[in-house]
Amino acid sequence: MSILQTINLEQRIGNAVLLNKVNLSVARGEIFTVIGPTGAGKTTLIRLINLLERPTSGDIVFDSEKITDPSCDAVKVRRRMAMVFQKPAVFNNTVYENVAYPLKVRGTHGRTEKSDVHQLLETIGLSGYARRKARTLSGGEAQRVALARAVVVKPDLLLLDEPTANLDPENVKMIEELVMKFNRESGLTVVMSTHDMQQAQRMAGTIGVLMNGRLVQVGRPGDIFYSPDNARIAGFVGMRNLFGGYIEREEAGIALVNVDGRDIQTVSDLPVRSAVEIYVRPEDVVLAVNAPEGSARNILRCTIRSLTSSGPLCTVMLDCGFPLEALVTNQSVSEMGLRQGQEIYASFKASAVRVMPSTRR
Amino acid sequence: MQEIWQALVQAVNLIIGLDPEVIQISLRSLYVSAWSILIAALICIPIGGLIHFHDFKGKRVVINIIQTFYSLPTVVVGLLVFLFISRSGPLGGLELMFTPTAMIIGQVILILPVLTGMTIGALSGVDRSIRDTALSSGANSAQAMWAILFEAKFAVVGALILGFGRAISEVGAALMLGGNIKGYTRVLTTAISLETQRGDLVLSLALGIILIGIAMVVSITMNILLQRY
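As for the overall build of chain A
(1) Moving on: If you tally the helices and strands in chain A, you get 10 helices and 20 strands.
(2) Moving on: A principal-axis box enclosing the C-alpha atoms of chain A has dimensions of 75 × 45 × 35 Å.
(3) Moving on: Going through the 361 residues of chain A one by one, you find that 40% of them count as buried.
(4) Moving on: Partitioning the intrachain contacts of chain A with sequence separation of at least 6 by distance along the chain shows that 66% fall at a separation of at least 24.

Concerning the pairing of strand E16 (residues 298-310) of chain A
Where a strand is regular, its side chains alternate between the two sheet faces.
Residues and elements named next belong to chain A.
(1) Moving on: Direction of pairing for E16 relative to strand E19 (residues 343-348): antiparallel, over a ladder of 6 bridges. Within E19, the position partnered with Thr303 by the bridge is Glu343.
(2) Moving on: With 7 bridges connecting them, E16 and strand E17 (residues 313-319) associate as antiparallel partners. Counterpart to Ser310 in the pairing with E17 is Leu313.
(3) Moving on: Joining the antiparallel neighbours E16 and E17 is a turn of 2 residues, in which Gly311 adopts a positive phi near 65°.

Re the interface of chain A and chain B
(1) Moving on: Each partner contributes residues to the interface: chain A has 18 residues there, and chain B has 13 residues.
(2) Moving on: The dominant element in the side of chain A that touches chain B, judged by the number of residues it contributes, is helix H3 (residues 95-106) of chain A, at 4 residues.
(3) Moving on: Within the side of chain A that touches chain B, the residues separate by chemical class into 11 nonpolar, 2 polar and 5 charged.

Brief notes about the confidence of the model for chain B
(1) Moving on: Here chain B averages 92 in pLDDT, and 100% of its residues register 70 or above.
(2) Moving on: Per the prediction output, this complex has pTM 0.75; the corresponding ipTM is 0.73.

Thoughts on the packing of H3(A) against helix H5 (residues 139-151) of chain A
Between two packed helices, the angle of one axis relative to the other and the distance separating the axes together describe the packing.
Residues and elements named next belong to chain A.
(1) Moving on: Close contact between H3 and H5 brings their axes to 7 Å; oriented N to C, the two are set at 30°. When the axes of H3 and H5 are compared, the crossing they make is right-handed. Only Val145, Ala148 and Arg149 of H5 make contact with H3, whose side of the interface consists of Val95, Asn98, Val99, Tyr101 and Pro102.
(2) Moving on: Counted by class, the contact of H3 with H5 contains 6 nonpolar, 1 polar and 1 charged residues.

Topic: the nonpolar core
(1) Moving on: Within the largest apolar cluster, 157 residues are counted, with the highest numbers of intra-cluster contacts made by A:Leu159 and A:Val191.
(2) Moving on: Excluding its chain neighbours within four sequence positions, the residues that come into contact with A:Val191 are A:Leu4, A:Val26, A:Phe32, A:Val34, A:Ile46, A:Ile49, A:Leu157 and A:Leu159.

Quick word on unusual backbone geometry
(1) Moving on: One non-glycine residue, A:Lys154, lies in positive phi territory at about 50°.
(2) Moving on: The residue A:Lys154 is located in the loop between H5 and strand E7 (157-161) in this model.
(3) Moving on: The phi angle at B:Phe98 is positive, at roughly 60°, despite the residue not being glycine.
(4) Moving on: Structurally, the position occupied by B:Phe98 is in the loop between helix H4 (74-85) and helix H5 (100-124).
(5) Moving on: Residue class for B:Phe98 comes out partly exposed when judged on the 17 C-beta atoms lying within 10 Å of it.

Definitions and limits used
- Residues numbered from 1 in each chain as written.
- Chains lettered and ligands numbered in written order.
- Predicted model: local features only at pLDDT ≥ 70, side-chain atom pairs only at ≥ 80, totals over all residues.
- Helix = DSSP H or I, 4+ residues; strand = E, 2+ residues; numbered from the N terminus.
- Buried ≥ 20, exposed ≤ 12 C-beta atoms within 10 Å, placed from the backbone.
- Contact = placed C-beta atoms within 7 Å.
- Pairing = 2+ DSSP bridges.
- Nonpolar A, V, L, I, M, F, W, Y, C, P; charged D, E, K, R; others polar.
- pLDDT = per-residue confidence, 0-100.
- Axes fitted to C-alpha atoms, helices over the stretch in contact; angles between N-to-C directions.
- Left-handed = near helix turned anticlockwise from the far one by under 90°.
- Core = buried A, V, L, I, M, F, W, Y, C linked by C-beta atoms within 7 Å.

So, in structure tokens, the structure goes:
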């Protein structure tokens, strides 16, 4: 059952198209994350849902009601939602007054609600801060106050616009855990935007990828990270080893892709001669000092350009006629005695190569 | 320089001795200017809000005009109001000439531009996120406007103190519209002007010191109230 739907939602300012026919559907009780680079239209989308802006065309349906109708009472709709903005915004008042503000404007600030506010302050780790001036809080604390202010009215939908964009890792973790807790404990539906892939992966039930105002892919985190629909998404979700080429020929279920004159064996049902982009996950590239044998279909002789270790892993930059990145453990680096300038074999299976239609012109 | 010292001593004596005439003049100054600022606030804050919250063609021009009238001379205001309320003027029948009411009208007109302009400035200083936060917290437009005004409270009260200062320190309109009638429309500034002409410089200075004292008390009181709310 979807609680929120956008239908051909469009927002233009002058000639600029901020959102281009966005159709999305959010199920009741889920965490829906909108990811996309800066300027993709994430903020615009969330502000439209909160009726802080009006769309150029298209509709938003919230709980079976078309809230973009001019006859729809925006205040009434907003009182069923809550929002946390990217920049922590607090009123120049006490922490308590900030959290209680939505109750006061609704005229429902009784004794029960008062104890609810104090309860919430405890949940967000700010009990004892009730009488403190909210402006004296740190960014992370202020954002937690903003989150408490959002959920104090038990909304049907919580909107979060890059809520952790400018926070330190500890506060990012706290905010994420709080949002997941509210979602888990009271079935709160959450729509959150972020440019942080890993955050989306940690939190989301469903991810929508927004690029240049278009919703280009919607799916579970695994779908998007391991089988992005096109190279632009792949590039955006931080994929390396992305190469342009074309399908030269197909034989025995193997498509040969010509990348800078070298044939790469892949599995693809795209037609011969179509321009494609292929992607190999760095962790799927196997390194060996001697020519390997076995089921690995692509064996490339290459030179090590550099080795960069971080934590237990090491990123090895290779030159095989084109640059290739491999991710191996530090342990195997020392076992094989890898060093810069060394000649080596890199191999990966045909099935490990993802082939996508090219988005380049 | 002797006069300044003597004036200080006399001012203290007048205050401690509760000189009935000085007390009366001071209270009348306070009364006239307090009413002026109150009425002006009731007009200017909503108008400032209207201008700030609505986008219309020529908004910049309107704000420029308002700011130009910051330098409205007090005697010109006095003259204009005089033309309206004098016996032959359109409001002559109300017999307002040479009354405290006439002085209040003059001072209200005098501080309208300053207070309106500074209200707009104060509201512009409030971050847009406050409006968004209020609205998405479920506030209706009046509640959101109030939230923004609350955020701008220091700047708004600053504007009120400035307006009050302009009212209590002006002499042109008070003299032309009040007439400096002893026991009725004589206020601190008109008394200072009279005593100076009479040659009693020390008394003039003493009255000036009392005027500054009143302004200081008002400003401190407002700021204490502000800290509390």
